[in-house]
Amino acid sequence: MMTTPTGFDAQGKPEISCQACVDFILDYLEGVLPAREKATFERHMNICPNCVTFVENYKKTAAMAQTVGASPEDAPPVPAKLVEAILKARKHGH
Ligand SMILES: [Zn+2]
């Protein structure tokens, strides 16, 4: 079998969906994502600007939430649907 280091499978489709990626984000940011999943996740980051932006915004939001005195207008725009997806993933998966 050929490996797919580009993040795409043999059919040229992304290896994992953005939804799967959202499921990985929490573990990834906590540093507990297994190496194999981490590699898959990082390959997806290489091919999906949307998820890169989302992870960046998620990190900022998480950092902001832990910062006392942060003003809400400084918060980056995180799509509500993706936040919901993360909360659901956390409930079901962990
Ligand atoms: Zn994606």
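To be clear, the structure that these remarks concern was listed above.
This text gives an overview of the structure that appears in the document. (Residues numbered from 1 in each chain as written. Predicted model: local features only at pLDDT ≥ 70, side-chain atom pairs only at ≥ 80, totals over all residues. Heavy atoms only, no water.)

### Some points on the overall build of the chain
What counts is decided by this rule: In this description a helix means any DSSP run of H or I spanning at least four residues, a strand means any run of E spanning at least two, and both kinds are numbered starting from the N terminus. Under the scheme applied here, a residue whose accessible area is under 20% of the maximum for its type counts as buried, over 50% as exposed, and between as partly exposed, the area being computed with a 1.4 Å probe on protein chains only. In what follows, residue pairs with any heavy atoms lying within 4.5 Å of each other are defined as contacts. Accessible surface is estimated by sampling points in the Shrake-Rupley manner with a 1.4 Å probe; for residues, cover comes only from the protein chains shown.
A tally of regular secondary structure across the chain gives four helices and zero strands. Written out in order from the N terminus, the α and β elements of the chain read α-α-α-α. Across the 94 residues in the chain, those meeting the buried criterion constitute 24%. At a minimum sequence separation of 6, the contacts of the chain that also span at least 24 residues come to 53%. Roughly 6,600 Å² of accessible area belongs to the chain as shown, and the carbon and sulfur atoms make up 58% of that amount.

### Description of the coordination of the zinc ion
Our working definition: Nitrogen, oxygen and sulfur within 2.8 Å of a metal are treated as its donors, or within 3.2 Å for sodium, potassium and calcium (Na, K, Ca); water is not counted, so a site can appear incomplete. Each label reflects the angles at the metal, where four donors whose angles all fall between 85 and 135 degrees are tetrahedral, four or six donors whose opposite pairs open beyond 155 degrees and whose other angles stay between 65 and 115 are square planar or octahedral respectively, and the rest are irregular.
At the metal site, the zinc ion is ligated by Cys18 (SG), His44 (NE2), Cys48 (SG) and Cys51 (SG), and these contacts range over 2.0 to 2.4 Å. Seen from the zinc ion, its four donor atoms lie at angles of 104 to 117°, and the figure they make is tetrahedral.

### A closer look at the side chain of His44
Mapped onto the elements of the fold, His44 is located in helix α2 (residues 35–47). Ignoring any residue separated from it by four or fewer positions in sequence, one finds His44 in contact with Ile16, Ser17, Cys18, Cys21 and Cys51.

### Observations regarding α2
In an α-helix, one turn spans 3.6 residues; hence positions three or four apart end up facing the same way. We count it as follows: Given the number of residues in a helix, its expected span is that number minus one, multiplied by 1.5 Å. An arc is given here, and it is the one of the directions from the helix axis to the C-beta atoms.
An ideal rise of 1.5 Å per residue puts 18 Å on 13 residues; α2 measures up with 19 Å between its terminal C-alpha atoms. Taken together, the buried positions of α2 are occupied by Thr40, Phe41, His44 and Met45. For α2, the arc enclosing every buried residue in end-on projection is 145°, short of the 170-degree limit, so these residues lie on one face. Residues Ala35, Arg36 and Asn46 are exposed on α2 and point more than 90 degrees away from its buried face. Here the buried face of α2 lies against α1 (18–30) and α3 (49–65).

### Structural notes on the nonpolar core
The test is simple: We define a nonpolar core as any set of buried Ala, Val, Leu, Ile, Met, Phe, Trp, Tyr and Cys residues linked to one another through side-chain atoms lying within 4.5 Å.
Ranked by size, the top nonpolar core spans 16 residues in total, and within it Cys21, Ile25, Phe41, Met45, Phe54, Tyr58 and Ile86 carry the most contacts. When contributions to this core are tallied by element, the ones reaching two or more residues are α1, α2, α3 and α4 (80–93). Considering each element in turn, this core owes the most residues, five residues, to α1.

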